[in-house]
Every structure is written in C-alpha cells, then in structure tokens.
Amino acid sequence: MSTLADRPAHPIVGIRAPHESAKLHVTGTAMYTDDVAAHTPGVLTAWPVQSTHAHAHVRVDVSGAYDVPGVVRVLSADDVPGVNDAGVHNDEPLFPSVAQFYGHALVWVLGDTEEAARLGAERVTIDYTPLPSLITVKEAIDSDSFQGNERTVSRGDAATALHGSAHVFEGVTEFGGQEHFYLETHAALALRDSEGQYFVQSSSQHPSETQEIVAHVLGITSSEVTVQSLRMGGGFGGKEMQPHGFAAIAALGAKLTGRAVRLRLNRTQDITMTGKRHPFHITWKAGFDTEGHIQGLEANLTCDGGWSLDLSEPVLARALCHVDNAYWIPHLLARGRVARTNKASNTAFRGFGGPQGAFLIEDILGRVAPLLGIDPIELRARNFYKPGQTAPYGQVVKDAERLDDIWTQLRAESGLDARRAEIAAFNARNPHVKRALAMTPVKFGISFNFAAFNQGGALVHVYKDGSVLVNHGGTEMGQGLHTKMLQVAATALGLGLHQVRLAPTRTDKVPNTSATAASSGADLNGGAVKNACEQIRDRLARVASRMLDADEEDVRFGGGYVTALGNPAQRLTFAEVVGSAYLQRVQLFAAGYYRTEGIHWDARVMQGSPFKYYAYGCSATEVEIDSFTGTYRVRRVDIVHDVGDSLSPMLDIGQIEGGYVQGVGWLTLEELRWDTSDGPHRGRLQTQSASTYKLPSFSEMPEQFTVRLYENARETGAVYGSKAVGEPPFLLAFSAREAIREAVAAFGPAGHAVDLPSPATPETVYWAVSAAQQARVASVDPQLATAGAE
C-alpha cells in the first residue's frame with residue numbers, strides 16, 4: 001500500500017475539476033431536503049410556536065389549534081417517548097417549560113398544509129411568568145452568569161514579563177457574532193416505514209449525531225434510524241449541532257401520526273431560533289521590548305454561549321489555542337469562560353473560535369504599532385514564529401518557516417512597497433479620502449479539539465461492469481468535498497472522473513461518522529476513501545498480474561487501464577480485470593478507515609499536540625475610505641495561501657476567496673442587534689432579515705482579487721499531500737480591517753492609535769475618522785480642538 005501523501009503518475013487529484021453538482025446547481029435541478037419533502041405524498045408540515053419573552057415560565061394551551069381545519073397534531077413534551085432533549089449536554093429541552101430566549105420554540109403544530117400549521121400555531125395561547133433576563137455579555141459578566149468549564153492556556157510567567165517590559169499596553173477588545181445566512185434554511189423530512197424503521201432526510205453536517213439525537217428522543221436504538229444528507233445549501237458550522245432537534249421534531253411527528261413530516265424554517269424563524277458565531281469580550285494586557293518584540297500577554301476571554309452549552313466549550317478552547325495566531329509569545333496567560341445569556345445558543349461557525357482568538361492579537365498589534373513608532377507590517381514580521389518554537393499549549397509549530405516565505409512572496413508579488421508609496425502620495429493630495437494597504441498572516445491548526453472525532457470511514461463498491469460507487473462519511477454543503485472524494489477515488493483506482501460515482505451520505509452505509517467540520521472533511525474522508533480503494537486495487541492487482549503474466553508489484557493502474565512495467569503495449573481495461581476478478585470470487589467492495597495519527601490533547605490542562613499540522617497564509621488588502629460617510633471600498637486583495645499539494649485547485653481557490661469575503665463581512669458589515677431595553681420586546685433580535693442584516697455582496701468584492709496557492713507545500717501526513725482549506729482563509733480578512741484602521745489613522749497625526757470597533761461598519765468608521773481628525777487638530781492647536789469638540 002502506498003503512503004498517504006504519495007501520488008501516482010498522472011493523478012486525477014490536482015487537476016482543475018468542476019464541482020460535481022455544478023450543472024445541477026446552475027440549472028436549478030439540484031435536490032435539497034425540502035425538495036424531497038415536496039415530492040413526498042401526504043406529507044405534514046411542522047410549524048413552531050415561538051416565545052415572545054426572553055426568559056419566562058410558560059403554560060401552553062394548544063386546544064385552540066385544533067379548531068383550525070387541517071391541523072392534525074400539536075407536539076408537546078407529553079408526546080416524547082424518550083428523552084426530551086435536543087442536545088448532547090442534557091441542557092436543551094426539546095419542549096421547554098421555561099422560555100430561554102425570545103423566539104424559543106415551545107411547541108410544534110403539524111398541519112396538512114403549511115398554511116394550516118401556521119394558522120394553528122397562531123391559535124395556541126401561552127401564559128408567561130416573566131423572569132429576569134441577560135442579553136449582553138457584559139450583563140452576564142456583571143451577574144456572574146457562566147456555564148461549562150473555565151479553561152486556561154499558559155506558558156512562562158506573564159506577570160513578571162509584563163512587569164519587566166519596556167512598553168505595556170492594556171485594553172478591552174470586543175467583537176460581535178455573525179449569522180450563518182446559508183441559502184438553505186434548516187430543514188428535515190422524516191418517514192416511518194412498514195417495519196417501524198425511521199428514515200430522516202436532514203440538512204445536517206453531522207448525520208451520525210442527528211441519528212443519535214432522534215433515537216434518544218424517540219426512545220429507540222440508533223440502528224432503527226437512518227439519516228441521509230443529500231446536500232446542503234450552505235452550512236458554515238450552523239448545521240453541525242443545531243439540525244438535530246429539528247430532525248427529532250419531524251421524526252416524533254412521523255411516529256405519532258404515521259405520516260411523513262417535513263420541517264423547514266423560513267428565514268426569520270431560522271435567524272431568530274438558531275445560534276450564531278460567538279461574540280467575545282476580552283480584557284488584556286500586553287508587553288513589548290524596545291524593538292517591538294512581544295514579551296508577555298495576559299488575557300481574559302469571555303464568549304457569549306447563549307442559553308445552553310452547545311459547542312461553546314470547544315469553540316472557547318480553540319479560541320484560546322489561537323490567541324497567538326502567527327506570533328511567538330514567550331510568556332502568556334489566557335483564561336476563558338462561557339457566559340450564559342438569554343439568547344439562542346451560539347454554535348460552530350467557520351473557524352470555530354480560531355478567528356475570535358486570533359482577532360485579539362491582531363487587534364493589539366494594530367493598536368500599538370503607531371504608539372511604538374513601528375510600521376505595522378514590520379511589527380508583525382518581527383514577531384513571527386521561527387522553526388523549532390512551540391505554541392503556548394506545547395506543540396511544535398511545524399513548518400514555521402513558511403510564514404516568512406509566504407510573507408516575502410506576497411510582499412513582492414503584490415508590489416506592496418511601491419504601492420504604499422503611491423498611497424502616501426495619494427493621501428497627501430486628498431484631505432477627504434484616504435487609502436491604506438495592510439498585510440496580515442494566519443496560522444491555523446487543523447484537527448478536531450476532541451480527539452475521537454479525528455476518524456473517518458468510507459464504503460466503496462466496484463460493480464461487474466467496472467463502474468465505481470463511493471460512500472463516505474462527509475457531507476456536501478457546496479464546498480466541493482464530494483468532488484475531491486471522487487478525485488481521490490479515481491486517482492487511487494487509476495480511473496477517470498467519469499468512471500466514479502458518489503452516493504449520498506447515509507448513516508446506514510458509513511456509521512459513527514464525525515461532523516464535516518474543523519476543515520477536516522477532506523483529510524478524514526479522503527484518507528478513508530483512499531484506504532478502501534487501495535484494498536480493492538491490491539486485490540485486482542493480483543488478478544491482473546496473472547492476466548498480464550507479470551509480477552503483482554509491477555502492475556499499474558491509470559487512465560482506466562491496467563498495465564505492467566516493461567510491457568506497456570499490453571493493457572487491459574479496468575472493467576476487464578474487474579470481470580475476471582468477479583469470476584474468481586475476488587471481493588470487489590471494501591470498507592475504508594482513517595484515523596489521524598500523532599495528536600494528543602489534555603483538555604483539562606490545555607496542553608499537548610492537538611493539531612495534525614498548521615495551514616498558513618498571508619493577505620494584503622488595499623482600501624479607500626470616505627471621511628464624510630465612513631464608507632469604505634476594497635480596491636485590491638492579494639493572497640498567498642498554503643493548501644499543501646492541492647487536491648482540486650479550482651475548488652481551493654474558490655474556498656479561499658469565499659472565506660476571505662465572509663471574513664470581511666464579519667469584521668466590517670454584519671452587525672447583530674438585540675433589543676436591550678426593559679420594554680416588552682427585550683431580547684428580540686432586531687436584525688431578522690436581509691433587509692436589516694447587512695451581508696457582503698458583489699458590491700463588496702474587491703476590484704482586483706488575486707489568489708495564489710503556495711507551491712512546493714506537500715503535507716506528508718495528509719491524503720495525497722494536501723491541506724485543509726475550509727476555515728483558515730477566513731482569517732485572511734484581518735488585513736481588510738487593519739487596512740481600514742490604517743486609512744482612518746491617515747486622517748490623524750503621526751503616531752495616532754485607532755481603536756476600531758468590530759464590526760467596523762461605516763457608522764463606526766465615521767466616528768473613528770472624526771476622532772482622528774480631532775486628534776490632528778489637537779496636535780496643532782489644542783484649544784481649537786477643544787472648541788471643535790464642544
């Protein structure tokens with residue numbers, strides 16, 4: 001068997017392959033969960049009755065719903081035969097007696113039509129006994145409202161290092177959450193067959209966990225439930241944990257009514273009922289020497305978990321493990337805790353805490369660079385990890401030299417130095433419009449925090465005609481995982497892409513799968529697919545060696561043919577060898593398995609080697625700001641990113657571009673607002689739709705966008721030498737925020753430090769520009785500045 005990273009001659013991996021469902025997507029014929037439901041005869045529709053209080057005891061009267069024609073059943077806690085809980089921590093009652101956030105689903109109405117279910121839900125009456133509510137992280141901190149375990153990452157003696165530092169800065173860093181806003185909202189379809197088995201079609205990134213939750217709600221075994229994930233219209237982490245309860249509602253309805261049940265949230269329901277990226281409140285103190293080297297950092301990170309734990313603990317753990325980003329911090333003490341608030345439970349989102357952790361050090365460096373009198377680009381480069389250094393949690397930073405290599409390459413290829421000189425000249429000529437060009441790096445660890453999740457499975461069938469069907473445990477949400485798995489299988493078997501087909505992800509084909517998350521989908525499932533295909537190929541090689549009168553080790557598979565070294569003219573088709581193998585009773589299917597080696601992690605003390613490898617990248621972003629409105633324009637973006645030896649370059653470049661733009665949305669546009677008043681709608685999410693929640697669109701795309709893949713980057717520990725690409729590029733967007741900060745600073749005097757809120761919306765940028773302009777006036781005439789402020 002070949003090693004994991006080795007590639008044969010003329011591999012299918014590495015070519016620019018189109019997405020396997022691209023034609024279906026662009027023609028509108030791709031089927032999603034609710035499309036399947038719409039073609040299911042006699043299907044019922046589930047509709048939620050949502051709380052209009054952020055925190056209250058509730059008494060529900062469902063009798064009025066049955067007066068509505070078409071209402072078949074109202075589901076409540078009394079109907080649950082198993083466990084009334086939709087989570088894995090036993091803290092998420094599926095039917096709550098206490099409403100924990102504004103919009104919390106209390107009961108569900110099943111109707112013959114969506115309209116009947118909706119009207120029935122309106123007739124349900126609820127008696128509320130209000131309870132005190134906490135809406136913001138600061139309110140939770142002041143009330144000592146926390147959940148889960150506190151965690152600490154430490155190295156050296158941060159207090160002593162700070163005391164001995166030439167420059168010490170301290171502050172508070174806060175940033176908001178982010179709505180996933182996948183195109184397809186949460187959806188599930190459940191049916192019960194004549195044998196009492198349940199089939200659930202779910203828009204889920206973690207079908208095995210959906211299966212487990214459905215089983216424990218119904219009080220049955222997992223073997224009685226099959227969950228299929230056909231494809232998702234986006235996920236971004238929002239469908240890792242939160243689909244389970246919706247699938248359980250549909251399955252419970254199917255059990256009680258004997259009919260198929262569909263559940264699809266509309267956009268407002270989805271935004272108000274589901275969790276977001278975790279907002280953070282961080283207090284910090286950082287020390288630097290006279291040359292700008294980081295000496296020590298103390299930080300207290302508090303993330304807003306919402307009303308239940310969900311994935312908040314591992315999100316916080318990853319944030320703590322990414323506080324360093326790409327920088328050597330010899331002395332560090334970072335503490336983390338999860339706040340409990342009366343909001344929807346926050347959950348996984350692309351980057352899974354990594355962006356939140358790295359945000360801190362990038363914000364610190366951006367703030368203090370002018371105070372130290374050091375160019376921000378130089379300050380960052382001076383603090384990069386060097387080969388042999390370890391992260392604060394004890395892992396050696398493998399391939400750390402790539403940071404300098406990528407940084408230097410990007411600086412040269414983007415013409416950064418010459419462009420910065422041009423920008424300085426432009427700014428000198430334009431008092432009301434300023435430009436800036438910033439560079440930031442990323443170092444992102446790849447693997448699940450929870451070691452047991454670092455395994456994958458696959459099931460590969462070869463049929464007598466030579467065609468191949470691949471099943472694997474990963475889910476497709478538009479990111480191209482299925483395409484990469486087809487390329488892996490075709491490469492391992494020596495076939496063309498047209499000879500390999502992929503089946504939908506199902507728990508009865510590949511069991512006990514991990515979520516398609518943590519950027520590990522290609523690593524885990526690719527390793528398993530390759531393993532299964534190599535088992536089959538090795539069996540076929542023995543058959544082919546006899547047919548070709550050659551040694552088994554000399555048999556080669558490629559281009560759909562089988563040949564032997566020394567006699568390439570004599571070749572057999574793959575189908576011919578398969579047919580002969582069948583007649584010889586050779587097994588033509590295989591279960592593949594892969595487990596990530598070399599990782600170990602003690603979550604209690606936050607020490608070990610939690611990551612298989614690190615993904616690196618750097619981005620340079622040029623922006624322009626209008627002082628009258630605070631609006632910004634991204635003029636140009638240049639990126640060099642390390643994806644190892646790419647499995648599918650076109651898909652990887654698309655992921656890098658998409659990750660960057662989504663990151664810019666989080667940092668500059670997407671602002672979640674809740675009613676924090678003491679009025680009747682306290683806790684209500686005010687940004688419930690695309691009309692009030694600003695998403696990046698084509699107008700926010702840079703005028704010039706260049707992405708280059710870092711070359712000669714083979715990763716020896718991953719399938720065909722590739723690296724993960726889903727989450728790391730998200731952090732490349734920090735260069736956009738830092739460019740905005742530097743453009744704002746250009747309105748102020750030399751050495752002016754800009755404290756930029758996040759998201760840096762035009763409103764906040766306007767006020768930051770005003771503060772910079774006042775600082776410039778004050779540097780010339782303090783009395784005039786005071787008069788202007790008054």
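In what follows, the accompanying structure is described. Quantities reported herein were computed from a predicted structural model and do not represent experimental measurements. (Residues numbered from 1 in each chain as written. Predicted model: local features only at pLDDT ≥ 70, side-chain atom pairs only at ≥ 80, totals over all residues. Heavy atoms only, no water.)

**As for the overall build of the protein chain**
If you tally the helices and strands in the protein chain, you get 20 helices and 29 strands. Looking at the protein chain as a whole, 60% of its 790 residues are labelled buried. Looking at the protein chain alone, contacts between residues at least 24 apart form 80% of all its contacts between residues at least 6 apart. Put simply, the protein chain shows about 29300 Å² of open surface, and 52% of that area lies on carbon and sulfur atoms. The average position of the 69 basic charges and that of the 87 acidic charges among the side chains of the protein chain differ by 3 Å. (Helix = DSSP H or I, 4+ residues; strand = E, 2+ residues; numbered from the N terminus. Buried < 20%, exposed > 50% of the residue type's maximum accessible area, 1.4 Å probe, protein only. Contact = heavy atoms within 4.5 Å. Areas by Shrake-Rupley, 256 points an atom, 1.4 Å probe, with all protein chains shown as cover. Lys, Arg positive; Asp, Glu negative; His and termini not counted. Charge placed at Lys NZ, Arg CZ, Asp CG, Glu CD.)

**Considerations on helix α14 (residues 481–493)**
Taking 1.5 Å per residue, 13 residues should reach 18 Å; α14 reaches 18 Å between its end C-alpha atoms and fits that length. Here α14 lies mainly inside the structure; 13 of its 13 residues are buried. Among the residues trailing α14, Gly 494 stands out with phi positive, at a value near 70°. (Expected span 1.5 Å × (residues − 1).)

**Notes on the packing of helix α15 (residues 521–548) against helix α16 (residues 574–583)**
For the pair α15 and α16, the least separation of the axes is 9 Å and the interaxial angle reads 100°. Taken as axis vectors, α15 and α16 run roughly perpendicular relative to one another. Two secondary-structure elements touch here, α15 through Leu 540, Val 543, Ala 544 and Met 547 and α16 through Phe 574, Glu 576, Val 577, Val 578, Ser 580 and Ala 581. Counted by class, the contact of α15 with α16 contains eight nonpolar, one polar and one charged residues. (Axes fitted to C-alpha atoms, helices over the stretch in contact; angles between N-to-C directions. Parallel < 35°, antiparallel > 145°, perpendicular 65-115°, else oblique. Nonpolar A, V, L, I, M, F, W, Y, C, P; charged D, E, K, R; others polar.)

**Notes on the nonpolar core**
Within the largest apolar cluster, 106 residues are counted, with the highest numbers of intra-cluster contacts made by Phe 288, Leu 301, Ile 625, Tyr 660 and Val 744. Ranked by residue count, the leading element in this core is helix α10 (residues 354–372), at nine residues. In this view, Ile 625 contacts His 432, Val 433, Lys 434, Thr 631, Tyr 632, Ile 740, Ala 743, Val 744, Phe 747, Val 765 and Val 769; residues no more than four positions away in its chain are not counted. Counting 49 residues, the second largest nonpolar core, distinct from the first, contains Ile 12, Met 485, Val 529 and Phe 574. (Core = buried A, V, L, I, M, F, W, Y, C linked by side-chain atoms within 4.5 Å.)

**Some details on the state of the cysteines**
A complete count under the given rule lists zero disulfides for this structure. Not part of a disulfide, Cys 321 finds its nearest cysteine sulfur in Cys 303, a span of 14 Å. (Disulfide = S-S within 2.5 Å.)

**Notes on the pairing of strand β16 (residues 433–446)**
In terms of burial, β16 is a largely internal element, 13 of the 14 residues being buried. Two elements, β16 and strand β27 (residues 613–626), share 14 bridges in a ladder whose sense is antiparallel. Along β27, the bridge assignment pairs Lys 443 with Tyr 616. (Pairing = 2+ DSSP bridges.)

**Some words on the packing of aromatic side chains**
Counted under the stated rule, the structure contains 23 aromatic pairs. Taking the centre distance of 4.9 Å and the plane angle of 90° together, the rings of Phe 450 and Phe 453 count as edge-to-face. On the basis of relative accessibility, which here comes to 25%, the residue Phe 453 falls in the partly exposed class. Through successive ring pairs, a cluster of aromatic residues spans Phe 175, Phe 280, Phe 359, Trp 666, Phe 730 and Phe 734. (Phe/Tyr/Trp six-rings, centres within 6.5 Å; stacked < 30°, edge-to-face > 60°.)

**Looking at unusual backbone geometry**
The phi torsion of most residues other than glycine is negative, and most of the peptide bonds are trans. In this model, Ser 758 is joined to Pro 759 through a cis peptide bond whose omega is 5°. Positionally, Pro 759 belongs in the loop between α18 (734–745) and α19 (762–780). One non-glycine residue, Phe 181, adopts positive backbone phi at about 45°. Mapping Phe 181 onto the fold places it in the loop between β8 (167–175) and β9 (187–192).

**Brief notes about the pairing of strand β1 (residues 44–50)**
Of all seven residues in β1, six are buried; the element is thus mostly enclosed. Note: β1 against strand β12 (residues 261–264), two bridges, orientation parallel. Its bridge partner lying in β12, Thr 45 is registered against Arg 262. As judged from the six bridges shared by β1 and strand β5 (residues 105–111), these two strands associate in the antiparallel manner. Opposite Thr 45, over in β5, you have Gly 111 as the bridge partner.

**Details of the pattern of salt bridges**
Enumeration over the complete set of coordinates arrives at 54 salt bridges. Put simply, Asp 404 and Lys 386 hold a salt bridge, and the shortest N to O gap is 3.3 Å. You can see Asp 404 sitting in helix α12 (residues 401–413) and its partner Lys 386 sitting in the loop between α11 (376–382) and α12, a full 18 residues away along the chain. On the basis of relative accessible area, Asp 404 is assigned to the partly exposed category, the value being 27%. With relative accessibility at 35%, the residue Lys 386 sits in the partly exposed group. A salt bridge links Lys 484 to Asp 652, with the shortest nitrogen-to-oxygen separation between them at 2.6 Å. Here the residue Lys 484 occupies a position in helix α14, and Asp 652 occupies one in helix α17 (residues 649–668), the gap between them amounting to 168 residues. Overall, the relative accessible area of 7% leaves Lys 484 in the buried class. Via salt bridges that share partners, Glu 362, Asp 363, Arg 367, Arg 380, Arg 737, Glu 738, Arg 741 and Asp 755 belong to a single interconnected network. (Salt bridge = Lys/Arg side-chain N within 4 Å of Asp/Glu carboxyl O.)

**A closer look at the sheet that holds strand β17 (residues 455–462)**
Taken in spatial order, the four strands of this open sheet run β19-β18-β17-β24, and their pairing is mixed. With one partner strand each, in any of the chains shown, β19 (500–502) and β24 (589–595) form the two edges of the open sheet. Averaged over all pairs of adjacent strands, the angle between strand axes in this sheet comes to 25°, irrespective of strand direction. Judged from the seven bridges that link them, β17 and β24 form a sheet pairing that is antiparallel. Residue Ala 458 lies in a different strand from β24, and its bridge partner there is Gly 592. Each of β18 (468–472) and β19 is contacted by α14, which is oriented at about 145° to β19, the strand it contacts most.

**A look at the sheet that holds β27**
Taken in spatial order, the four strands line up as β16-β27-β28-β29 in an open sheet, and their pairing is mixed. Two strands lie at the open edges of the sheet, namely β16 and β29 (704–709), each paired on one side alone. Going across the sheet, the axis of each strand differs from the next one's by a mean of 15°, ignoring polarity. For β27 and strand β28 (residues 632–641), the ladder comprises nine bridges, and the chain directions are antiparallel. The partner of Gly 617 across the bridge, within β28, is His 641. Where helix α13 (residues 416–429) meets the sheet, its contacts fall on β16, β27 and β28, and the angle it forms with β16 comes to roughly 145°.

**Some thoughts on the side chain of Gln 147**
When you line up the elements, Gln 147 lands in strand β7 (residues 146–155). Given the relative accessible area of 5%, Gln 147 is considered buried. A polar side-chain atom of Gln 147 sits 3.3 Å from the main-chain carbonyl oxygen of Ala 339. Contact partners of Gln 147, with chain neighbours within four places excluded, come to Gly 305, Gly 306, Trp 307, Ser 308, Leu 309, Val 338, Ala 339 and Arg 340. (Polar contact = N/O pair within 3.5 Å; in protein donor to acceptor, adjacent residues only side chain to side chain.)

**Re the side chain of Ser 202**
Inspection of the secondary structure assignment puts Ser 202 in strand β10 (residues 198–202). Those residues within four positions of Ser 202 in sequence are excluded, and the remaining contacts are Thr 33, Ala 187, Ala 188, Thr 210, Val 227, Gln 228, Ser 229, Pro 243 and Ala 247.

**Considerations on the environment of Asp 652**
For Asp 652, a relative accessible area of 1% translates into the label buried. Placed 530 residues apart in sequence, Asp 652 and Glu 122 show a C-alpha to C-alpha distance of 46 Å. Residue contacts for Asp 652: discarding those within four places in its chain leaves Lys 484, Val 643, Ser 646, Leu 647 and Val 725.

Read these as spatial facts, not as claims about activity.
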